[in-house]
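Close look at the chain arrangement
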Amino acid sequence: YGFGPERTAMGLSHHLRLNVGFHALRGEGMDLEPGREGFVALGYRHDTRLSPHYSLEGRGLQAHLLLGAGDRDLGEDFTYWRTGISGLYLARTGSQSALAFRLRVDYLAGDPPVQSQLRLGGLTHGARGFEASALRGSGLRAIASIEHRHVLFTHGRLRQLLGGVMWTRLEGAFFADAVHL
């Protein structure tokens with residue numbers, strides 16, 4: 001459900017969401033236990049950026065609460081809950097550059113399966129210098145990030161690449177992430 005000021009023609013600045021889901025937990029990989037998991041998640045997001053991918057100004061806030069339960073194939077039941085909040089602020093430093101500040105804090109309690117633990121590593125889980133999901137754990141996760149974004153190239157056209165892809169912008173970034181897990 002969206003409400004608030006129009007951010008773009010297709011999106012509003014405030015979003016509420018309710019997710020209900022089921023996962024079949026697969027046992028492939030290191031220390032992964034197969035089983036089943038159900039969850040209910042409630043979330044809120046406020047975002048004033050025109051696009052999450054290439055904006056040079058804006059701010060955002062997200063908060064969520066997730067309750068999960070299930071069973072492992074070895075016969076153990078499990079329950080857990082996770083909550084978190086994150087904020088973003090983009091400050092324009094020139095016509096084609098900006099500083100981005102991010103802070104995210106999550107807390108996980110209970111007995112979650114390994115597949116549902118807090119993760120660090122990769123682009124979406126913070127700590128971009130680590131491989132995706134390189135670190136996992138429970139308890140508190142905190143990520144602070146500062147990034148200098150700058151546009152390197154705009155208005156390019158590569159229409160023949162893969163038959164229809166058009167490339168219109170190339171950006172670069174310098175960043176530093178500080179994490180706790």
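Right, let's talk about the overall build of the protein for a bit. If you tally the helices and strands in the protein, you get zero helices and ten strands. Along its sequence from the N terminus, the protein presents helices and strands in the succession β-β-β-β-β-β-β-β-β-β. The buried share among the 181 residues of the protein stands at 32%.

Another aspect to go through is the nonpolar core. Of all hydrophobic cores here, the largest spans eight residues; its members are Leu25, Phe39, Ala41, Leu66, Phe78, Tyr80, Leu108 and Leu118. Secondary structure elements with two or more residues in this core: strand E3 (35-47) and strand E5 (77-94). If we skip the residues at most four places from it in the chain, Ala41 touches Arg17, Leu18, Asn19, Leu65 and Leu66.

Turning our eyes to something else, we now look at the pairing of strand E6 (residues 97-110). The side chains of a regular strand alternate between both faces of the sheet. Examined bridge by bridge, E5 and E6 share 14 bridges and lie antiparallel to one another. In the strand pairing of E6, Thr83 is matched with Tyr107. Counting the residues between successive antiparallel strands, the hairpin from E5 to E6 contains two residues. Bridge count between E6 and strand E9 (residues 139-154): twelve bridges; the pairing is antiparallel. The residue of E9 that forms the bridge with Asp106 is Arg141.

Let's shift gears to the packing of aromatic side chains. Evaluated as defined, the whole model comprises two aromatic pairs. Ring centres of Phe78 and Tyr80 lie 6.4 Å apart, and the angle between their planes is 25°; on these two criteria the pair is classed as stacked. You'll find Phe78 and Tyr80 in the same group, each marked buried. Residues Trp81 and Tyr107 carry aromatic rings whose centres are separated by 5.6 Å and whose planes lie at 50° to one another, so their mutual orientation is tilted. Taken as a pair, Trp81 in strand E5 and Tyr107 in strand E6 lie far apart in primary sequence, 26 residues in all. According to the relative accessible area criterion, Trp81 is partly exposed, its value standing at 36%.

To continue, consider the pattern of salt bridges. Considering all chains together, one arrives at eleven salt bridges under this definition. In this structure, Arg36 engages Asp71 in a salt bridge whose closest nitrogen and oxygen atoms are separated by 3.2 Å. Pair noted here: Arg36 is in strand E3 and Asp71 is in strand E4 (residues 58-72), with a separation of 35 residues, a long-range link. Using a relative accessible area of 35% as the deciding quantity, one classes Arg36 as partly exposed. In this structure Asp71 comes out as partly exposed when scored by relative accessible area, which is 24%. Close ionic contact of Glu76 with Arg72 constitutes a salt bridge, the shortest N to O distance being 3.7 Å. By relative accessible area, Glu76 is classed as partly exposed at 43%. A relative accessible area of 7% places Arg72 in the buried class. Among the ionic contacts, a cluster of salt bridges with common partners joins Glu33, Arg72, Glu76 and Asp111.

Calculation criteria
Residues numbered from 1 in each chain as written. Predicted model: local features only at pLDDT ≥ 70, side-chain atom pairs only at ≥ 80, totals over all residues. Heavy atoms only, no water. Helix = DSSP H or I, 4+ residues; strand = E, 2+ residues; numbered from the N terminus. Buried < 20%, exposed > 50% of the residue type's maximum accessible area, 1.4 Å probe, protein only. Core = buried A, V, L, I, M, F, W, Y, C linked by side-chain atoms within 4.5 Å. Contact = heavy atoms within 4.5 Å. Pairing = 2+ DSSP bridges. Phe/Tyr/Trp six-rings, centres within 6.5 Å; stacked < 30°, edge-to-face > 60°. Salt bridge = Lys/Arg side-chain N within 4 Å of Asp/Glu carboxyl O.

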